[in-house]
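Survey of secondary and tertiary structure
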Amino acid sequence: MLSLPHFVPTPVFRLLGLVPPPHALVWVLPTEPGVDSVLLVRPVPGRAFVLALDVRGRRDPARARAWTAAVARLRERYGAPALLAVCPDRATAAWAAGPFATGLGSWPSLSLRPLVLGPTDTPPVLTAPAASADLATAVLAALAHARGSRATAALAAVNEALRTAAPETRAYCTSLLTAGLGDGPASAAWGRLTELRRAVSGGR
């Protein structure tokens, strides 16, 4: 498994009502259909859990059904997982919170309630030192604010922080942001920033 040094998903602990740990070990698990990324998070101290992460820029009932299937498979394989949907606007975030019921008639055999991180749930991280101190929060917040007026500043802070990140973490964050931003001004800004970083850093 690929490890992600210094990548503690602090917002997830807060959404779960837990105190963020001082340290966590995080590994990237094989990608599951229906989500963008799957992480194994082991808080130190604390109990390990699996986090499925998906970035959604619009309502998508088909994706919600895929979330349910992905969580069911992850539960069978790893135990109790959590699903985090990151949404760059309030309307999509409200929809993504669910619940999404699966069953017959009025009887929900299974009901999925994702954790949701939107633009109202965490402020953007706008300086490189702050992004370096809590890289996971900076990355997730940048995705959540991708359609806001401070999107470019948030992405610039993350990009600068990635210069000194471990290679594995740098590659994961770059890939997640590239995929999660989709099309639009924030995606174009991120492309320019990453090209500049690689040019300055000799291809890293």
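Just above, that's the structure.
Just so it is clear, the structure is predicted and the values come from calculations on it, not from any experiment.

1. Some details on the overall build of the protein chain
When you go through the protein chain residue by residue, the secondary structure sums to eight helices and eight strands. Taken over the C-alpha trace, the protein chain has a radius of gyration of 17 Å; the compact-globule value for 204 residues is 17 Å, and the two agree within 12%. Across the 204 residues that make up the protein chain, the buried fraction comes to 48%. For the protein chain, the proportion of contacts with a sequence separation of at least 24, taken over those separated by at least 6, is 60%. Carbon and sulfur atoms provide 57% of the accessible area of the protein chain, an area that totals close to 10,100 Å².

2. Overview of the pairing of strand E6 (residues 100-104)
Across five bridges, the pairing between E6 and strand E7 (residues 107-112) is antiparallel. Note that in E7 the partner of Gly103 across the bridge is Pro108. Counted along the chain from E6 to the antiparallel partner E7, the turn is two residues long, and its residue Gly105 has a positive phi close to 60°.

3. Section: the side chain of Thr194
The topology assignment puts Thr194 in helix H8 (residues 185-201). Excluding anything up to four places from it in sequence, Thr194 contacts Asn159 and Thr174.

4. Here's the deal with the sheet that holds strand E2 (residues 23-29)
Strand-to-strand pairing in sheets goes through backbone hydrogen bonds, with the strands running parallel or antiparallel. Within the open sheet, the six strands sit side by side as E1-E2-E3-E4-E5-E8. Their pairing is mixed. Two strands bound the open sheet, and with one partner strand each, they are strand E1 (2-3) and strand E8 (115-117). Pairing of strand E5 (residues 81-86) with E8, which is carried by three bridges, proceeds in the parallel orientation. Counterpart to Ala85 in the pairing with E8 is Val116. Packed on one face of the sheet, helix H2 (residues 61-78) meets E2, strand E3 (37-44), strand E4 (49-55) and E5 and runs near 150° to E5. Contacting E1, E2, E3 and E4, helix H7 (residues 167-181) crosses the sheet at an angle of about 40° to E4.

5. Concerning the nonpolar core
Ranked by internal contacts, the top residues of the largest apolar core, which has 46 residues, are Leu39, Leu84, Val86, Tyr172 and Leu177. Here the element with the most residues in this core is helix H5 (residues 135-144); it accounts for eight residues. The residues touching Leu177, leaving out its near neighbours within four places in the chain, are Val139, Ala142, Leu143, Leu155, Val158 and Trp190. Core analysis: the next-biggest nonpolar cluster, separate from the first, contains 20 residues, Trp67, Leu83, Cys87 and Ala96 among them.

6. Topic: the pairing of E2
As paired elements, E1 and E2 share two bridges and run antiparallel to each other. Residue Leu2 lies in a different strand from E2, and its bridge partner there is Val28. Looking at chain direction, E2 and E3 are connected through seven bridges and run antiparallel. Along E3, the bridge assignment pairs His23 with Val44.

Criteria and cut-off values
Residues numbered from 1 in each chain as written. Predicted model: local features only at pLDDT ≥ 70, side-chain atom pairs only at ≥ 80, totals over all residues. Heavy atoms only, no water. Helix = DSSP H or I, 4+ residues; strand = E, 2+ residues; numbered from the N terminus. Rg over C-alpha atoms; globule rule 2.2 N^0.38 Å. Buried < 20%, exposed > 50% of the residue type's maximum accessible area, 1.4 Å probe, protein only. Contact = heavy atoms within 4.5 Å. Areas by Shrake-Rupley, 256 points an atom, 1.4 Å probe, with all protein chains shown as cover. Pairing = 2+ DSSP bridges. Axes fitted to C-alpha atoms, helices over the stretch in contact; angles between N-to-C directions. Core = buried A, V, L, I, M, F, W, Y, C linked by side-chain atoms within 4.5 Å.

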